[in-house]
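Examining the three-dimensional arrangement
Residues per chain are reported as follows:
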Amino acid sequence: GGGGGGGASGKPRGRNLTQRLVVSLEDVYCGVTRKLVVKRTMSCTACNGKGGKRLTKCQTCGGHGQVIRAMRMGPIVQQMRAECPQCEGRGSAVRREDQCGTCHGERTVVQRESCEAFIAQGMRAGQKVTISGMADELPGTSAGDLVLVLAERPHAVFDRRGGDLVVQKQLTLAEALCGFTLALRHLDGRILKVASPPGHIVRPGEAKRVADEGMPTYRRPFDKGDLIIEFAVTFPAALDDKDRAALAAVLDKQKPSPAVALAASLRDDDDSFVIDEAHLDTVPDDHRYYTAGGGEDGADGGGEAYDSDEDDERRGGHPAGAVPCAQQ
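Residues numbered from 1 in each chain as written. Predicted model: local features only at pLDDT ≥ 70, side-chain atom pairs only at ≥ 80, totals over all residues. Heavy atoms only, no water.

**A closer look at the overall build of the chain**
- Looking only at helices and strands, the chain has 5 helices and 21 strands in total.
- Residue burial in the chain is summarised as follows: out of 328 residues, 40% are buried.
- By sequence separation, contacts in the chain at least 24 residues apart represent 70% of the contacts at least 6 residues apart.
- As presented, the chain carries roughly 18400 Å² of accessible surface, and 49% of it is formed by carbon and sulfur atoms. (Helix = DSSP H or I, 4+ residues; strand = E, 2+ residues; numbered from the N terminus. Buried < 20%, exposed > 50% of the residue type's maximum accessible area, 1.4 Å probe, protein only. Contact = heavy atoms within 4.5 Å. Areas by Shrake-Rupley, 256 points an atom, 1.4 Å probe, with all protein chains shown as cover.)

**A few points about the pattern of salt bridges**
- Tallied over the entire structure, the rule returns 15 salt bridges.
- Measuring nitrogen to oxygen at the nearest pair gives 2.8 Å for the salt bridge that ties D27 to R34. Like R34, D27 is buried.
- One salt bridge in this structure joins D188 and R190, with 2.8 Å as the shortest N-O distance.
- When its relative accessible area of 13% is taken as the criterion, R190 is described as buried.
- The network of salt bridges with common partners includes D188, R190, E213 and D276. (Salt bridge = Lys/Arg side-chain N within 4 Å of Asp/Glu carboxyl O.)

**Thoughts on unusual backbone geometry**
- Despite not being glycine, H104 shows a phi value in the positive range, around 55°.
- Within the fold, H104 resides in the loop between β6 (92–93) and β7 (108–119).
- Located in the positive-phi region is D212, a residue other than glycine, with phi close to 65°.
- For D212, the location among the structural elements is in the loop between β14 (207–210) and β15 (216–217).
- Residue classification places D212 among the exposed residues on the basis of a relative accessible area of 51%.

**Some details on the pairing of strand β4 (residues 66–73)**
- Bridge count between β4 and strand β5 (residues 76–83): 8 bridges; the pairing is antiparallel. In the sheet register, M71 faces β5, and the bridge partner there is Q78.
- Linkage of β4 to β5, two consecutive antiparallel strands, is achieved through a turn of 2 residues, within which G74 is found at a positive phi near 70°. (Pairing = 2+ DSSP bridges.)

**What to know about the confidence of the model for the chain**
- Across the chain, the average pLDDT comes to 83, with 83% of residues at or above 70.
- Note on residues 294–301: pLDDT under 50 across the span, and 21 contacts to partners over four residues away in sequence or across chains.
- Overall, residues 314–328 carries pLDDT values under 50, and its contacts beyond four positions in sequence, including any with other chains, amount to 45 contacts. (pLDDT = per-residue confidence, 0-100.)

**Digging into the sheet that holds strand β8 (residues 128–131)**
- Pairing is mixed across the open sheet formed by 3 strands, whose spatial order is β1-β9-β8. Both outer strands of the open sheet, β1 (17–23) and β8, are each paired with one neighbouring strand and no more. When strand polarity is set aside, the average angle formed by the axes of neighbouring strands in this sheet is 30°.
- Here β8 runs beside strand β9 (residues 146–152); their pairing, made up of 4 bridges, is antiparallel. Bridge assignment links K128 to a residue of β9, and that residue is V149. (Axes fitted to C-alpha atoms, helices over the stretch in contact; angles between N-to-C directions.)

**Concerning the nonpolar core**
- I119, L182 and L227 are the most contacted members of the largest nonpolar core, which has 43 residues in total.
- Residues in contact with L227, not counting those within four places in the same chain, are F158, L165, V167, L184, L192, K208, R209, V210, E213 and G214. (Core = buried A, V, L, I, M, F, W, Y, C linked by side-chain atoms within 4.5 Å.)

**Some details on helix α5 (residues 258–265)**
- Taken as a whole, α5 has its buried residues at A259, V260 and A263. In an axial view of α5, the angular spread of the buried residues amounts to 100°, which keeps them on one side of the axis. With respect to the buried face of α5, the exposed residues turned more than 90 degrees away are P258 and A264.
- Contacts made by the buried residues of α5 are with β11 (164–172), α2 (173–178), β12 (181–185) and β13 (191–195). (Arc of directions from axis to C-beta.)

**Some remarks on the environment of V157**
- Within the fold, V157 resides in the loop between β9 and β10 (159–161).
- Taking the C-alpha atoms as reference points, V157 and L187, separated by 30 residues in sequence, lie 9.6 Å from one another.
- Sequence-distant contacts of V157, defined by excluding residues within four places in its chain, comprise V166 and V167.

**Focus: the sheet that holds β14**
- Judged by pairing direction, the sheet is mixed, and its 5 strands sit side by side in the order β10-β11-β17-β14-β19 without closing on themselves. Each having just a single partner strand, β10 and β19 (281–282) make up the two edges of the open sheet.

This is the structure we're talking about:
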């Protein structure tokens, strides 16, 4: 990551640490505060980052922190300055008997610290969340920032396409011909009751939309995309003459799809669910479908240097997806 410049203490600013944070579709739909435990390399406070009680001049570099090395390039011998391997460029060393009992002469220690990352509604894969001052803090420098690059975990039900949410639903032939009402559990826990328009026949592969039930827009959470429902229709394997004559009766005997059965079981006086009536209309021909992914920053981080607390604090108290790291 980046670095440089001076911190509030006047010390040179250390490098930023970039890491990957996996979030669920529920996280970026509802917004969530993720608790993390970060492993940081910190200047040892017991010896003030010196490594021991008494420092002595490095015998290898004479206290300069650099050594001169001769490099032969064909007939030419060049002298080049390089960091002293003995004192690692510090110019001083600590005798074994004088080493700090905490850092054992290394000048730094590894600590675990807790922090919080707020994932805003509508954020996308590749966007970054910056936590100030939570990167490594080496001796003589101020801490850089921890930069979390979001990676979105695929969802089992919904497919995010830009600002829209796309879901596939299976209908029986009776439901496709005669109409249906299905129940769909949304990412925030609400149940949408979706009914086909009266007299409308749903064709295989047809898509319908529920306006304003898609993803919230980043920094404008009340501005939402659409929920697109793509339908598949299950047809009977074959029909004979008798079946064709009694087609309506045959269709009425088919077992309803699970979502339709759930809708039929819901009662208006049942307060165990949040039930909203949703209106379906036809997806316009010019409605754009976006490709999945495509973060705004288009960046990707390195490995994961944090642990999850698993006690995510989500808006509205909805459960959070797991973070792929150890618990606090």
